[in-house]
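Coordinate inspection notes
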Amino acid sequence: MDSSRQPTPDEIEERFAALVEGRPTRDEADRWAGRWMAADGLVRDEVSWWALGLLHGIGSYEARDEPSLRS
């Protein structure tokens, strides 16, 4: 993915799939999604925004010792 343009819905889905496989870490996925949620000037469709919102914050579950996607 080109880091200078916003992710496509397929690229966001790929992040979820990679997370389930254990790559990247929750913290890395959280920071990646947070970057896009905070970016200005993006065209945000409802589903992509919702999915980025799920990824952004997923790292906080690790800190709370909650069940993970891999549990």
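As a starting point, this report considers the structure included with it. Since the model is a prediction, treat every value here as computed from it, not as a measurement. (Residues numbered from 1 in each chain as written. Predicted model: local features only at pLDDT ≥ 70, side-chain atom pairs only at ≥ 80, totals over all residues. Heavy atoms only, no water.)

**Some thoughts on a nonpolar patch on the surface**
What counts here: Each patch is built from residues lacking any salt bridge and having more than 30% relative accessible area; the joining distance is 9 Å for like charges and 5 Å for nonpolar side chains (Val, Leu, Ile, Met, Phe, Trp, Tyr). All accessible areas in this document rest on Shrake-Rupley with a 1.4 Å probe, and a residue is counted as covered only by the protein chains that are shown. For this analysis, a salt bridge means a side-chain nitrogen from Lys or Arg found within 4 Å of a carboxyl oxygen belonging to Asp or Glu. In DSSP terms, a helix is any run of H or I states spanning at least four residues, a strand is any run of E spanning at least two, and both are numbered starting from the N terminus.
On the surface, Val 47, Trp 50 and Leu 54 cluster together to form a nonpolar patch covering roughly 350 Å² of accessible area. Relative to the helices and strands, Val 47 is located in helix α3 (residues 46–55).

**Some remarks on helix α2 (residues 26–38)**
The test is simple: Expected helix span is given by 1.5 Å per residue-to-residue step, counting one fewer step than there are residues. Between buried and exposed lies partly exposed: a residue is buried under 20% and exposed over 50% of the maximum accessible area for its type, with that area taken using a 1.4 Å probe on protein chains only.
Compared with an ideal rise of 1.5 Å per residue, which puts 13 residues at 18 Å, α2 spans 18 Å between its outermost C-alpha atoms and is within 8% of the ideal. Three or more residues of α2 are buried, namely Arg 26, Ala 29, Asp 30, Trp 32, Ala 33, Gly 34 and Trp 36.

**Structural notes on helix α1 (residues 9–20)**
For clarity, the cut-off: To obtain the arc, one takes the directions from the helix axis to the C-beta atoms. The contact rule is simple, with two residues in contact once any of their heavy atoms fall within 4.5 Å.
Taking 1.5 Å per residue, 12 residues should reach 16 Å; α1 reaches 17 Å between its end C-alpha atoms and fits that length. Residues of α1 that are buried include every one of Glu 11, Ile 12, Ala 18 and Leu 19, and no others. Projection of α1 onto a plane perpendicular to its axis shows the buried side chains occupying an angular sector of 115°, all on one side. Among the exposed residues of α1, those pointing more than 90 degrees away from its buried face are Asp 10, Glu 13 and Glu 14. Its buried side turned inward, α1 meets α2 and α3. Just downstream of α1, Gly 22 is the residue with a positive phi angle, here 95°.

**Focus on the packing of α1 against α3**
The axes of two packed helices give the description: the angle between them and the distance between them. Cut-off, in case you're wondering: Inter-axis angles, ranging from 0 to 180 degrees, are taken between N-to-C directions of lines fitted to C-alpha atoms, where helices are fitted over the stretch in contact. Should an angle fall under 35 degrees it is taken as roughly parallel, and over 145 as roughly antiparallel, whereas 65 to 115 is taken as roughly perpendicular and any remaining angle as oblique. It is the rotation of the near helix from the far one that decides the hand of a crossing: anticlockwise by less than a right angle makes it left-handed, clockwise makes it right-handed. Ten residue types, Ala, Val, Leu, Ile, Met, Phe, Trp, Tyr, Cys and Pro, are classed as nonpolar, four, Asp, Glu, Lys and Arg, as charged, and the remainder, Gly among them, as polar.
Packing of α1 against α3 leaves a shortest axis separation of 10 Å and a crossing angle of 25°. If you check the angle between α1 and α3, you find them roughly parallel. α3 is crossed by α1, and the crossing has left-handed handedness. Two secondary-structure elements touch here, α1 through Pro 9, Ile 12, Arg 15, Phe 16 and Leu 19 and α3 through Ser 48, Ala 51, Leu 52, Leu 54 and Leu 55. Class assignment of the residues belonging to the contact of α1 with α3 gives a composition of eight nonpolar, one polar and one charged.

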